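# Notes for the structure review
What follows is the residue order along each chain.
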Amino acid sequence: MVTKEARRAHLLLVLAVVLVTSVTAVTIKKGGLAEPVKPEKYDHYYNYEELTSLLKALVAEYSHIARLFSIGLSFEKRELWTVQVSSRPGSSSPGLPQFKYVGNMHGDETLSRQLLIYLIEELLRGYDNDPRITRLINTTDIYIMPSLNPDGYEKSREGDCRGDAGGRTNARGKDLNRSFPDQFANIQVPMEDVPEVTAMIQWIMTNRFVLSGNLHGGTVVASYPFDDTPSHQTTGAYSRSSDDAVFQYLAKSYAAVHPIMKTGNPKCPGDVGETFKDGITNGAEWYDVPGGMQDFNYIHANCFEVTIELSCCKYPVASKLQEEWENNRESLLTFMEKVHIGVKGFVTNSVSEIGLPNVTISVTGIDHDILTSDYGEYHRLLVPGTYNISASAVGFIPVTINGIEVIEGPATVLNFTLEPIVTSGTVAQTEAFDDTVITSTVLSTIAAGKPSQKQPIQPEEFRHHHYSDMEIFLRKYTTEYPKIARLYSVGKSVQGRELYVMEISDNPGIHEPGEPEFKYIGNMHGNEVVGRELLLNLIEYLCKNFGTDPEVTELVTKTHIHILPSMNPDGYEVAFEGDQSGVTGRNNSNNYDLNRNFPDQFVQIVEPRQPETIAVMNWVKSIPFVLSANLHGGSLVVNYPYDDSVQGIATYSRCPDDAVFQQLALAYSERNSQMYNGHPCNDLYPGEYFPHGITNGAKWYSVPGGMQDWNYVNTNCFEVTIELGCFKFPLAKDLPRYWEQNRASLLEFIKQVHHGVKGFVLDATDGTGILNATISIAEIDHVITSGKDGDYFRLLVPGIYKITVSARSYISVTKNVTVVDGEAAQANFTLTRQTWQQESGNKKKNLTPVKDAKDPTAEEFHKLIKDLSSDDGLNQLIFKTAVDVSPYRYRQYKELAEFLKALHLNYPHITKLSNLGQSVEIRQLLALEISNKPNESESIEPKIRYVAGIHGNAPVGTELLLSFAEFLCLNYGKNNAITNLINWTKIVIVPLLNPDGRERAQEHQCTSTVGRMNFQGKDLDTDFTGNASQGTADMQVETRAIVEKLIVNQGFTLAVALDGGSVHVTYPYDKPVQTVENEETLKYLASVYANNHPTMHLGRPGCPNGSDVNIPGGVVRGAEWYSHLGSMKDFSMTFGHCPEITVYTSCCLFPSEKQLASLWGENRKALLGMLVEVHKGIQGIVKDRSGKPVPKATLILDNGMKVFTSDEGFFHAFLAPGVYKIDATAEGYQQQRKEVFVTAKEVAILVTIIFDMDNRIFGLPRELVVVVAGATLSTLLLTACIIWCVCSIKSNRHKDGFHRLQQHNEDYEEEMRMTSLGSKKSLLNHEFQDESDSEEDTLYTNKQ
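What this report covers is the structure whose coordinates are included nearby. Fair warning: this is a prediction, and the values are worked out from it, not measured in the lab.

### Examining the sheet that holds strand β26 (residues 694-696)
Pairing within the open sheet is mixed, and its eight strands lie in the order β20-β21-β23-β22-β24-β27-β25-β26. One side of each edge strand has no neighbouring strand; the edge strands of this open sheet are β20 (485-492) and β26. Between one strand and the next, the sheet's axes are offset by a mean angle of 25°, whatever the strand orientation. Across three bridges, strand β21 (residues 498-504) lies against strand β23 (residues 560-564) in antiparallel orientation. Within β23, the residue paired with M502 across the bridge is I563. Strands in contact with helix α11 (residues 467-480) are β20 and β21; relative to β21, the strand with the most contacts, it is inclined by about 30°. The sheet strands contacting helix α12 (residues 530-545) are β20, β21, β22 (517-522), β23, β24 (625-632) and β27 (718-725), and the helix crosses β23 at an angle near 145°.

This is how it looks when you write it as structure tokens:
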């Protein structure tokens, strides 16, 4: 629960850090004595005092149709006056669309201020006199704010057409139209500096404006969204919104009846040649405006806003006022009338016939939804055409109506009636798709609706329990009920108090497969004590009623319930009874708010992690919790994720399981009548209202570092935060009432853990459970994983779901499962292990990446790469990212190391932090791997290496890579493209190679060499030397670590190194060489980076002392820029067989930290582009005829590039587009040749090379050699026989010959045998002779 001060800030403002502003209403009753306001003379401007007096007088005269109020104060405490003109001023008016005009946002653009005063007068005086104006007021709720920047107006000067005299910004020097949260930029404007923006955001978010005009000056044109682009190109980049056609229509409606604007040629002095077709322009195409108000209206509210530039002169002389009024009067009225176009209606509940708030209205083909008002009303602006329109809300059956015709003129009326999802007590067997039959039944061991024979035993101990009292209480119940109660501690508080947990189950201490784990946590804020006492009551209630009360017995039998009564026992001990809304004891004893201390997906939490926080995080990760509630106090509402947003303001922050969380929240609130009423604390916060007693956390107020979001984002556990009452530390006598109000809700919420779908993921071979299998639901971008026994529990609302289960080395299985209200559907998944062929040859076709919620096939991933390679693909990726980062300071080594460790701790499922070695001064060289399986080696996935900080005096690259790593982690699971890129890539980021040098370098030193070298005075980029005999022995320790752990034998496909001192890219080689065999590919790779950079590709770095340098395309060979030996990229090419480029990110080696955000914006797209490129070129496997992989095979491309296969036979090589011949060789196999065609926008060509055994001897076929050898041997044997016969004949002719033959027979046979063996031996020796490898080839062989 927030503090009183924070709560007040929430109610008045939607920003996290705001100034308290008051809404001042002027109540002036119409009376007969009110003096009429004199007719307008159009001859002078009204200053603040005159404006105030005039508006009050007008409202006094026309109080039946006008109301004056202030939405807040300017920095100099001037009221931001607004006039409501309506037939029912001061009241909500269902059926009347809200319209607003805002003027004088830039204080020196004053014509808008004056024209809106005239418009107010025109409307008030025309009512009942002019039929058109009367109709407009009767059908529209009109709001007109003449001046959003009254402070700036007071500083401006009449006749100043260009704004030279000042006044554009507010009193703090801030441009209000650059200070709103932006979808493409991280706007870092302190909210206390722009109270005008704060007030405007609050006003926008607390109303349901449909259409708006923001009036400016300086030219004559109507400008429409979007106002900026992801790349923030200065001009010329059309930034199209989903409603581009509607915005063009609206802009033209103003311009077409303006005598100058409609010409499209305002002929403004200084911009005489500037023209606008039809008098309108897309904002970003005109010029880039980050932080603008019109885009904020469209993105964060239902409101369509157009920015209208009224005149060439910003502050024209007063004599021009009447002329300008006449030019704009018709346009101002016509634009207001457009609030009635499109389609409108009400959405009601079919049962209660009451309007439904926050129903989503969707139009097929337009990616922008709006929500209904508190009365169920909606107004959706559309151009004429035929549309399919849907209405959907949690707990109701969605309705789509097709063929709705929208015509020119008044809106088409389209009402929706939504039927609630019917709750049934029994569920019949349901046949799902894919011939899978899922049976969901409600356990009937206890008859539904039958009263228990015995009333449950209620708690008796209603008192406040201090720590020792609570400790004794817990020990008592675990002693008295040992069969169902187990007491354990998850850690200690700062002051050493145990964080006790009571587990209640029929088998405590043992995770039972198929039984879900549930938890309650109380007293996170030490002075919010109701949760602490209720959980002690719940322990007593469950223990005493087990075995006698059917409801309790079923819960305890089916569920493992863990209860942590006090997460902040230290804070409790200093809190005091009777504290209604104070802060004493809220924080822990280190004075940190534990509910702002958890890692956050949108905000970097810099406060040190507290012992209580760490203990709970470790606890939650050690038990597979499914559902949880965090009990607080200070209001009465159930609050569900997300608790904050990327903008950091109070706005609805929808998580992927928003429907589930609303169902969970309602399960609690519906059984607490006071909570469900929605008006919790009328005495403290009379305006606070929560429909049905639930709220989205961030919509209420932003809470970065909260526990409930951390549970959902980082574990399987769904958690909500329950505010139990308006009194934080009530008197003990009131505790029984709190128990009575919450008992049914506490029990009902536990039951929700059994809803959705559950089952087991099993191995088809032996039936054992598979740990960490991924369960993903189509269209819900949030996955869970199976437990150690293979069991899983997935909370879902009723519906039909496509569920995919994946696991490493298994074939994924997809089923369609029907989930109904009641007991969870049972769906078991049996996965078959992959064969070797499936794993190696078909892995990307059959396997789903473990963490991919969308379950993409290979074809879908190929399409993604193709889409991202299109001209606007990366821009769209960045546009759709859920979260961006914005570096704003440099990190010294210690903070850098802590940052990397924090990333790993917060994203352990996709990161691995490794120590490559140490610098001379014993600083670790850290490498962060980002992948969906970071602890497993996958040769088939391409690997890319990002390295920075080889020169310590150029730290920009280091900060860019830290931002890049955080950007990837933050968007994993939230952005489909980034999620899939991570799932299908091994990304290794080494942000700092030279930490010793970095520690000595100094900011703002653009050319200093201090810190360039390592501690030994060695330039590390000249130290990458070595050969087959030398190895790495003579290298610096930093270099040796990189070579051994990052370059040699690592199988990288691409590498990117970031340096400083210019703005261009170099490719190998840095050493002077005559030719580069694969130069076309290397140059192409470098050009991909340069072309994705907004200025690099222009080839004019414009650096001091080198402004005349021209680098065509921003790309040059390293030796032509700075020739030197021993560079990292040359070594990577020669010995790592990995192409590497060096990117020079800024002219200044160590620029100001203020430039980091813009440098990140310039390089973000290019860094992402490399992740796309690594998937291109060629990839495949080399194997023999039996299917066995062939490791260490050499593939030589006709551009001279060599590629070597891994131990599994895989290979991947990046290539420029073109046709290539591949010669594949391996010892003992015949050479193979393949021809491939590589394109610029497709995924790498899949190549399979199958080797035949090499049957050649002496270069001749083996069969021929065997025949010749056989014939030769036969000839020798025949010759031997002939010789023997001749000798025998001769011996018979001599009487004494026989004994001589016998005497020499053994010698002769031995001679013949040796002759024969000698012939065979010579053949064999010759057969296996081979040329020795060259020294370089030997190194290649040794390094594979």
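So much for the structure itself; the text now carries on.
### Remarks on the side chain of Q1036
For Q1036, the location among the structural elements is in the loop between α28 (995-1000) and α29 (1037-1047). Here N1014 takes part through its side chain, which lies 2.9 Å from a polar atom of the side chain of Q1036. Filtering out sequence-adjacent residues up to four positions away, Q1036 remains in contact with N1014, Q1016, K1018, L1020 and D1023.

### Considering a nonpolar patch on the surface
Taken together, the side chains of L1278, I1282 and V1286 define a hydrophobic patch exposed on the protein surface, amounting to about 270 Å² of accessible area. For I1282, a relative accessible area of 48% puts it in the partly exposed group.

### Regarding the pairing of strand β36 (residues 911-918)
Where β36 and strand β37 (residues 924-930) come together, seven bridges link them in antiparallel fashion. By the bridge assignment, L913 is partnered in β37 with L928. Linking two consecutive strands that pair antiparallel, namely β36 and β37, is a turn of five residues; a positive phi of about 65° is found at I922 within it.

### Structural notes on the sheet that holds strand β50 (residues 1245-1251)
With mixed pairing, the three strands of this open sheet are ordered in space as β47-β44-β50. A strand with exactly one partner marks an edge of an open sheet, and here the two such strands are β47 (1210-1213) and β50. Each strand of the sheet is rotated relative to its neighbour by a mean of 20°, with strand direction disregarded. The pairing of strand β44 (residues 1178-1184) with β47 spans four bridges and is classified as antiparallel. Within β47, the residue paired with Q1179 across the bridge is H1212.

### Side note on the packing of helix α2 (residues 48-61) against helix α3 (residues 111-126)
The description of two helices packed together rests on the angle between their axes and the distance between the axes. Viewed as axis vectors pointing N to C, α2 and α3 meet at an angle of 10°, and their least axial separation amounts to 11 Å. Here α2 lies roughly parallel to α3, going by the angle between them. Read as a crossing pair, α2 and α3 show a hand that is left-handed. Within the contact between the two elements, α2 uses Y48, L51, L54, L55 and L58 and α3 uses R113, I117, I120, E121, L124 and R125.

### Let's talk about the pairing of strand β11 (residues 360-363)
Pairing geometry for β11 and strand β12 (residues 366-371), over three bridges, is antiparallel. Of the residues in β12, the one forming a bridge with V363 is I366. The turn linking β11 back onto β12 is made up of two residues, and G365 within it adopts a positive phi angle of 90°.

### Topic: the environment of Y946
Within the secondary structure, Y946 is located in strand β38 (residues 943-948). Y946 gets classed as buried once you look at its relative accessible area, which sits at 0%. Taking C-alpha positions, Y946 is 6.1 Å from V990, a pair spaced 44 residues apart along the chain. Leaving out residues up to four positions away in the same chain, Y946 has contacts with L961, F964, I987, V988, I989, V990, V1056, L1167, M1170 and L1171.

### Regarding the state of the cysteines
Within the structure shown, the criterion is met by five disulfides. Two residues share a disulfide in this structure: C681 and C726, whose sulfurs sit 1.9 Å from each other. Taking the sign of the S-S torsion, about -95° here, the bridge from C681 to C726 comes out left-handed. Here C726 lies in the loop between β27 and α20 (735-751) and C681 lies in the loop between α17 (673-677) and β26, a separation of 45 residues in the sequence. Paired by a disulfide, C1006 and C1148 hold their sulfur atoms 2.0 Å apart. Between C1006 and C1148, the S-S dihedral sits near -90°, and the bridge is therefore left-handed. In this pair, C1006 is assigned in the loop between α28 and α29 and C1148 in the loop between β43 (1140-1144) and α33 (1156-1173), connecting sequence segments 142 residues apart. Using a relative accessible area of 11% as the deciding quantity, one classes C1148 as buried. Bonded cysteines in the protein chain are paired 1-4, 2-3, 5-6, 7-10, 8-9 when counted in the order they occur along the chain.

About the cut-offs
Residues numbered from 1 in each chain as written. Predicted model: local features only at pLDDT ≥ 70, side-chain atom pairs only at ≥ 80, totals over all residues. Heavy atoms only, no water. Pairing = 2+ DSSP bridges. Helix = DSSP H or I, 4+ residues; strand = E, 2+ residues; numbered from the N terminus. Axes fitted to C-alpha atoms, helices over the stretch in contact; angles between N-to-C directions. Contact = heavy atoms within 4.5 Å. Polar contact = N/O pair within 3.5 Å; in protein donor to acceptor, adjacent residues only side chain to side chain. Patch = residues over 30% accessible without salt bridge, like charges linked within 9 Å, V, L, I, M, F, W, Y side chains within 5 Å. Areas by Shrake-Rupley, 256 points an atom, 1.4 Å probe, with all protein chains shown as cover. Salt bridge = Lys/Arg side-chain N within 4 Å of Asp/Glu carboxyl O. Buried < 20%, exposed > 50% of the residue type's maximum accessible area, 1.4 Å probe, protein only. Parallel < 35°, antiparallel > 145°, perpendicular 65-115°, else oblique. Left-handed = near helix turned anticlockwise from the far one by under 90°. Disulfide = S-S within 2.5 Å.

Without other data, these values stay purely geometric and don't point to any function.
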